Structures are given as C-alpha cells and as structure tokens.
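Letter by letter, the chains look like this.
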Amino acid sequence: MKNLDLRPKDRVVLVNVVESFLQEGRPVSSDLITRKRILPDSPATIRNIMVKLEKLGYLFKPHTSAGRVPSDKGLRLYVNSLLDILARSSERAVLLPESALSGPGDLKSLLSRVSLMLADESDNLGFVLSPRISRIHFKHLRFIRIAENKVMVILLATFNLILNEIVSLDQDLGQTELDEAARFVNQNFRGKTLQAVRDYLEKEMPPYRDRREPAAAKLRELLKAYILQEEQSDSIFFQGASKLLDKAREFPIEKLKALVRHFEEKARLARLISDFISLDRVKVLIGSEENLPDIADCALVLSHYGTESQVLGSLGIIGPKRIPYQKIIPLVDSIALRLSQTIRHNP
C-alpha cells in the first residue's frame, strides 16, 4: 500500500506516535495516544489504527509486550510532511543574527565556525563540505613556492573571500616562474575558474607551442596536478563527534565506536556526503534508506550553500534517527541561508 491509502486519522495517529517516540525514546502504547485525546475515537479504534500502521510497515514492536516505535518508513512519512511545510513557505526563516558568522575573512575559518555552530545548536555532529577551489570564480590569484615541488595556490574569490590550498608537483618551479604564471592568469582569465583556465590551455595551447610559451606550459601542468589532487580528496569541516558519544542510549556501544571512527576519517565522510549534494532546500536521509551500513542507525539533515549563481558545497548535521526533526530541519535551512548571505555580502 502507498501513503495515499492512509486516512487522515491514520496520519494523525502516526505523527503522534513518531513525536512521542522522538521526545521520550520509548515504545508508544495505544493508551498513551488515547490519553492525548487527539481523536474522538474509542481506545479500540486507536489500537486498531496502530495495528494497521504496523501491518503497513510504518510502526513495529521492538518487543512482544511493548508498545510500538516508528520504522524508517514511518519516520520518512513524518519527515516528508515537515519538508512539505518548509517547501510551501514563501520566506526562509533566519534564526541567526547577521553577526553570528563574523570573523576572519578566509573561507576555511568561516566554514569551521559554521560546523561548530551546527554542532552546538543541534547537539549532534555538524559538518560543512568545502567547495573545490578550481570551481570557484576568482578575482585574483597567486602562486607561492613554499618548498621544493610544493606550491600554495591563493585565490581571492569574486565574493571576496580568500581560499588557499597546497599542491605537490613533479617538477620544482621557482617563484619568478610562478609569478609569471599568475600574472598570465590574472590578465587573461579574471572572473573565470581554474578549471576553465586549464581547459583553455589544454585546448588552445598545443604541445608544439610549449617551447615558445614556457610559462603557459608550466601553468598548464601546475593546474593539471592541482585539479587531479583536488578530485582525489574533498575537504570537510566537522565538529561534535564527542556529542555522539553522549548518545550511547541511541546506539549499541560497538556501533557507536565504529561510527565515531568512521567520522574521524574525514576523507570517507566527505565522499559520503558529496554523494548527496542536491538543490533541495533541505534533504533528510534516514537510516537504512541508502543501503549504507556505516550510517544505518543515523539520520543526516543536509542543505547547500553558495552564491546566487553557484552552489559551493553542502552542510548539515549527523545524529541518531531519534533527533528533533521539527527543530533541526529549519535550523539547517537557516544556517545554510545565513552562510550563503555571508558569502554573497562579504565586503
């Protein structure tokens, strides 16, 4: 049966079971729902509705004599109702003051503060997936030789935040060569992305021209090395892994330890989250829906941030399935909006 087979009173009972479970963390009995007087029906009718919801897979009994708890399917129907309300709202609530994200003007510091805010406000693990520098439109670019075969790429984005990364090269480049390469980029490609610069050099600069234009040839190799390195690793900021350790009631202890170890391997966490970047205002992943054993006992609430013309990355929280979705969905939506506004209006 589909969701359409649920009558309005079935949905009312299901929502109340879910909310009672999210608040109390215990199986919910039909007597409790009856005492709430959410429906004028008899206790027997409420009990029959809960039996029906169990048969349809929205609820289940963890123990024979216990009440019922929502399955992932039941949580999904509940969460979708919250997301529908969010989608119908014409204005996005901004729950944070404009000064909430004030601080140093580099993007890494900003994203680190946002991940901490997500963790503190949600009491769960907060994360922000950093954008790939090669995909950001830049206003100015510098290359700094920091060691043999190592160059720092410093980019001033068109939204006036500074980004930097270190790239390892097969050949050593002197600072004079790097300055010449940066000058070539700034004069010819301002407002573009490093990917666009690389693509231009590969298409418009055939190998036979390398001898006549060595700076462009070295720039092409530098960008190829950097973008290859970037594609093999995503940068992620996360805070609050210890908060999951305070939720031992929600996870079997061995699963909890494995979960924290998984999140501390930032590359794995980044790859996992990058698979779910979407243009939805907020996206919620529940438990076993994605067939990912590492997060089968978790819920992820994600959104994206960026400029008016470009999605830069994603952010959100990871916690147990029993999280206060009514609070966290608008929280993640609001922080994503505030981060986007901070990036767009950075002086």
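Structure's up top.
Residues numbered from 1 in each chain as written. Predicted model: local features only at pLDDT ≥ 70, side-chain atom pairs only at ≥ 80, totals over all residues. Heavy atoms only, no water.

Asks: Can you help me understand the overall build of the protein chain in this one?
Replies: Counting its regular elements, the protein chain contains 12 helices and 10 strands. The contacts of the protein chain with a sequence gap of at least 6 include a subset with a gap of at least 24, amounting to 64%. (Helix = DSSP H or I, 4+ residues; strand = E, 2+ residues; numbered from the N terminus. Contact = heavy atoms within 4.5 Å.)

Asks: Explain the sheet that holds strand β3 (residues 125–129) here, please?
Replies: The pairing of strands in a sheet comes from backbone hydrogen bonds and takes either a parallel or an antiparallel form. Overall, antiparallel pairing links the 5 strands, which are arranged β7-β3-β10-β9-β8 in an open sheet. In the strand order of this sheet, the two ends are held by β7 (236–239) and β8 (283–286), each with one partner. Neighbour-to-neighbour, the strand axes of the sheet open up by a mean angle of 20°, direction not taken into account. Where β3 lies against strand β10 (residues 311–320), 4 bridges are found, and the strand directions are antiparallel. Within β10, the position partnered with Gly126 by the bridge is Ile317. Strand contacts of helix α12 (residues 325–344): β8, β9 (298–306) and β10, with the helix running at about 25° to β9, the strand carrying the most contacts. (Pairing = 2+ DSSP bridges. Axes fitted to C-alpha atoms, helices over the stretch in contact; angles between N-to-C directions.)

Asks: What am I meant to see in the pairing of β10 here?
Replies: Extensive coverage of β10 is indicated by the burial of 9 of its 10 residues. Pairing analysis gives 9 bridges linking β9 to β10, with the strands arranged antiparallel. Within β10, the position partnered with Leu302 by the bridge is Gly316. Counting the residues in the hairpin turn of β9 and β10 gives 4 residues. (Buried < 20%, exposed > 50% of the residue type's maximum accessible area, 1.4 Å probe, protein only.)

Asks: What exactly am I supposed to notice about the packing of aromatic side chains here?
Replies: Working definition: an aromatic ring pair is given by the centre-to-centre distance plus the angle between the planes. All chains considered together, the criterion is met by 2 aromatic pairs. When the ring of Phe189 is compared with that of Tyr200, the centres are 5.3 Å apart and the planes differ by 65°; the resulting orientation is edge-to-face. Taken together, the positions of Phe189 in the loop between α6 (175–188) and α7 (194–204) and Tyr200 in helix α7 put the pair 11 residues apart, joining distant regions of the chain. Of the residues examined, Tyr200 reaches a relative accessible area of 38% and is grouped as partly exposed. Put simply, the rings of Phe184, Phe189 and Tyr200 pair up and form one aromatic cluster. (Phe/Tyr/Trp six-rings, centres within 6.5 Å; stacked < 30°, edge-to-face > 60°.)

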